[in-house]
Amino acid sequence: MESLFLTRVLDALRSGGDEVLFVQDGVETGYGQALDLVRRMYAGLPERGVVAIDAGNRPETVLLQIAAQLRGSTVLLVAASASSPDRLAAVEAAGVTTLVTEQPSDWPAGDARVIALDELIDHDGADPAGLPGSVTVIFPTGGTTGAPKLIRHNGIYDGMAHIFAPDPAGPGRTLLIAPMTHMTGNATVLGAILRRESVVLLRGFDAGAVLDAIAEHRITTLSLTPARLAEVLDHPALMSSDVSSVRQLSLGAAPLPPRRLARALEVFGPVVGQGYGLTEAPMIASISAAELDGRPERLESVGRIVPGMEARIDDGQVLVRGLSMMVGYHGSPPIGDGWLRTGDLGRFDDEGYLYLLDRANDVIITGEHGTKVYSTVVENALARHPLIRSVAVFGVPGDGGEGERVHAVVVASGALSAEEVRAQAREFFGREHFVPSDVDFADALPLTAIGKVDKRALREPFWAGHRRHIA
C-alpha cells in the first residue's frame, strides 16, 4: 500500500501547475517548478538509508524532504536551534548515511556522504518508480531543558493527508516564520502544500517584516510563539498595518499571558487560537476565539484535548497518549499505546479545559517550608503590568548556594523600577514567596530558533560552578 501522504503531495504538485507555491525575497516558485526540483533531487539521492537535511527556510528544504521520502529514506531534520555538538551527536545517533547541507564546510569528515544542496539541484530529473508505504521523520527535541533526544514520527504525516484539504473559500496564503526543520514549521509548510496554498517564506523573525508581509501578500494564516506575538503587538507600525486578511492566527510553543491574548483578539479579531503540543505529540489541546468569547478566565487555558488524544494528570504532571504521538525515541522501543509524561505541570477545570502551570523542571522551591512556586504563574501575574512587555522568571541559588530565590528578567516599555515589579507580584499574590528577590532589566529576552524564551541561557550564569541546577 502506497503512502497516502506522498500520494497527496505528488497530486498537489502535479495539479498545481503555474499556481504559486512559494514566495521568497520577491521570487515566486510555482507548483510545477517545485515538482521539477523534487525530481532533480530525487535523481541525485541514493535509495533508502537515513538522509539528514541541514538547511534554512527556502523551497528546496522541504522539497528535498519529499524527494528523500520518495526514495524510501528516513529523514533527519537537523534543528536550526541546535548547537554544533548537538547537531553532530544527532547525525551520529541517527545513523545518517547521506547529509545534505547548505554549508558542507560546517561538517567534519565522517561516515555520512556530505552533499551540497545546490549541487543536488543540478541533476537531471527522474520520476519515482513507485511510492513507499510510509514515511519516517526524525526530529531532535528543542534542547531548551538539556541534551536533545531524537523523536521518530510517521503517523502524523498520513494524518495530515486526511486533515488538510483545499479550502472551499479559495486558496489561502500562509506566512512561514518557524524553521522548516522544526515540527511547527514542517507541519505548516506541508499542510499548505496539501491545501494547494501559497507559502510566503521568511528567513528569520522580524516583527516589522511580519507586518509588512501580512499587508503585502494578504496573508490568511500564520503561527507565532508568545514572545514573537508580543513583539508584533508592541511594534510601532502595528496600528498603521492592514492585518484584516488574517483568517487564522495560531499560537503555540508556550502558554500566552492572558493580557497578550486579549490584546491579540482585539487587534486581529476572532481568528486567534491557541494550541498545545510537544515535538513528541504535536497536537494535544487547542482553544478557539469562539471559546474565549465572554469567558475571560479561559484566557489562561490552552484548551480542550483534541479528538484522537487523551490526557490525564498524575502527581501534577500532564500525561498524554493518542493519534498524534511519536513512534518513539530513536534507539528505544516504540511507545505504542503507552502514556507519555510531558514534563508539564497542569490542571483541568470542570469543563475539561487544560491549564498549564509550569515545566516540571522550572518549578522553584523557595521559602523555609520548601514552597513550590510555578514560574509561569508568576510570569503571567507580572505581565499584567502595563509597562511589562515580556518577562521570564526562574530559580537561582540562594545565599551560600542553599535554597532557591525567585529571579525575574523584565523587558519594559517605559521607566520601571525593580520595586515596582515586586509590588506587582506582592499585590497580585498577597504572599511574599511569589515576589522576585531580584529583578534584572533587558532590552529583549533571548529566544531559541523557534521563538521560545531560552530560560536555559538566562539561568546558566547564575548556576555556574554548581553541580546541578537545583539547590
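Keep in mind it's a predicted model, so treat the numbers as computed, not measured.

(A) Region of the structure containing the overall build of the chain. When its secondary structure is counted, the chain shows 14 helices and 25 strands. On C-alpha atoms alone, the chain measures out to a radius of gyration of 23 Å, which is about the 23 Å that the 2.2 N^0.38 rule sets for 471 residues. Each of the three principal axes of the chain carries a C-alpha extent, and together these read 70 × 50 × 45 Å. Across the 471 residues that make up the chain, the buried fraction comes to 50%. In the chain, once contacts between residues fewer than 6 apart in sequence are set aside, the share between residues at least 24 apart is 64%. Counting every atom, the chain has about 20600 Å² of accessible surface; 49% of that belongs to carbon and sulfur. In the chain, 42 side chains carry a positive charge and 59 a negative one; their mean positions are 3 Å apart.

(B) Spatial organisation of the pattern of salt bridges. With the rule as written, the count across this model stands at 27 salt bridges. One salt bridge connects Arg263 with Glu266, and the closest N-O pair in it is separated by 2.7 Å. Highlighted residues: Arg263 and Glu266, both in helix H10 (residues 258-268), separated by three residues, approximately one helical turn. Under the relative-accessibility criterion, Arg263 is labelled partly exposed at 24%. Salt bridges here are not isolated pairs; linked through shared partners, they connect Asp36, Arg39, Arg40 and Asp127.

(C) Main features of the side chain of Gln24. Inspection of the secondary structure puts Gln24 in strand S1 (residues 20-24). Looking at Gln24, its side chain comes within polar contact range of the main-chain oxygen of Asn57, at 2.6 Å. Apart from residues no more than four positions distant in its own chain, Gln24 is found in contact with Asn57, Arg58, Pro59, Leu201 and Arg203.

(D) Here's a closer look at the packing of aromatic side chains. All told, the structure shown has four aromatic pairs when counted by the stated rule. Taken together, a centroid distance of 4.9 Å and an interplanar angle of 85° make the contact between Phe428 and Phe429 edge-to-face. Aromatic pair Phe429 and Phe434: ring centres 4.3 Å apart, planes at 15°, arrangement stacked. Note on Phe434: relative accessible area 17%, which makes it buried. A network of ring pairs unites the aromatic residues Phe428, Phe429 and Phe434 as a single cluster.

(E) View of the packing of helix H1 (residues 4-16) against helix H3 (residues 59-70). At a closest axis distance of 11 Å, the pairing of H1 and H3 adopts a crossing angle of 130°. The angle between H1 and H3 places the two elements in the oblique class. Judged by the sense of rotation from one axis to the other, the crossing of H1 with H3 is left-handed. Between H1 and H3, the residues in contact are Phe5, Leu6, Val9 and Leu10 and Ile66, Gln69 and Leu70, respectively. Of the residues contributing to the contact of H1 with H3, the split by class is six nonpolar, one polar and no charged.

(F) Spotlight on the packing of H1 against helix H7 (residues 183-194). One can describe the packing of H1 onto H7 by two numbers: an axis separation of 8 Å at closest approach and a directional angle of 60°. Classified by the angle between their axes, H1 and H7 sit oblique to one another. Contact with H1, carried on its side by Phe5, Arg8, Val9, Ala12 and Leu13, involves Leu190, Ile193 and Leu194 of H7 and no other residues of that element.

(G) Expanded view of the environment of His162. Within the fold, His162 resides in helix H6 (residues 155-163). C-alpha separation for the pair His162 and Asp212, spaced 50 residues apart in sequence, amounts to 33 Å.

(H) Inspection of the sheet that holds strand S25 (residues 438-441) at higher detail. Overall, mixed pairing links the three strands, which are arranged S23-S24-S25 in an open sheet. Two strands bound the open sheet, and with one partner strand each, they are strand S23 (388-397) and S25. This sheet shows a mean twist of 25° between the axes of neighbouring strands, independent of strand direction. Looking at chain direction, S23 and strand S24 (residues 404-412) are connected through nine bridges and run antiparallel. The residue bridging Val393 from the neighbouring strand is Ala408, located in S24. Where helix H13 (residues 418-429) meets the sheet, its contacts fall on S23, S24 and S25, and the angle it forms with S25 comes to roughly 125°.

(I) Focus on the pairing of strand S2 (residues 27-30). Summarising the sheet, S1 and S2 pair through four bridges and their orientation is antiparallel. Bridging across to S2, Phe22 finds its partner in Thr29.

(J) View of the side chain of Thr181. Mapping Thr181 onto the fold places it in the loop between strand S9 (173-176) and H7. Classification of Thr181 as buried rests on a relative accessible area of 3%. Thr181 has contacts with Ile53, Ala55, Thr61, Leu77, Val78, Ala79, Ala80 and Phe139, leaving out every residue within four places of it along the chain.

(K) Broad picture of helix H4 (residues 84-94). Within the sequence span of H4, burial applies to Arg87, Ala90, Val91 and Ala94. Down the axis of H4, the sector holding all buried residues measures 95°, keeping them to one side. Seen from the open side of H4, the exposed residues pointing more than 90 degrees away from its buried face are Pro85 and Glu92. Those residues of H4 hidden inside the fold are in contact with strand S3 (50-54), strand S4 (74-77), strand S5 (98-101), strand S7 (137-140) and strand S8 (150-153). Phi turns positive one or two residues past the end of H4, at Gly95, with a value near 70°.

Criteria and thresholds
Residues numbered from 1 in each chain as written. Predicted model: local features only at pLDDT ≥ 70, side-chain atom pairs only at ≥ 80, totals over all residues. Heavy atoms only, no water. Helix = DSSP H or I, 4+ residues; strand = E, 2+ residues; numbered from the N terminus. Rg over C-alpha atoms; globule rule 2.2 N^0.38 Å. Buried < 20%, exposed > 50% of the residue type's maximum accessible area, 1.4 Å probe, protein only. Contact = heavy atoms within 4.5 Å. Areas by Shrake-Rupley, 256 points an atom, 1.4 Å probe, with all protein chains shown as cover. Lys, Arg positive; Asp, Glu negative; His and termini not counted. Charge placed at Lys NZ, Arg CZ, Asp CG, Glu CD. Salt bridge = Lys/Arg side-chain N within 4 Å of Asp/Glu carboxyl O. Polar contact = N/O pair within 3.5 Å; in protein donor to acceptor, adjacent residues only side chain to side chain. Phe/Tyr/Trp six-rings, centres within 6.5 Å; stacked < 30°, edge-to-face > 60°. Axes fitted to C-alpha atoms, helices over the stretch in contact; angles between N-to-C directions. Parallel < 35°, antiparallel > 145°, perpendicular 65-115°, else oblique. Left-handed = near helix turned anticlockwise from the far one by under 90°. Nonpolar A, V, L, I, M, F, W, Y, C, P; charged D, E, K, R; others polar. Pairing = 2+ DSSP bridges. Arc of directions from axis to C-beta.

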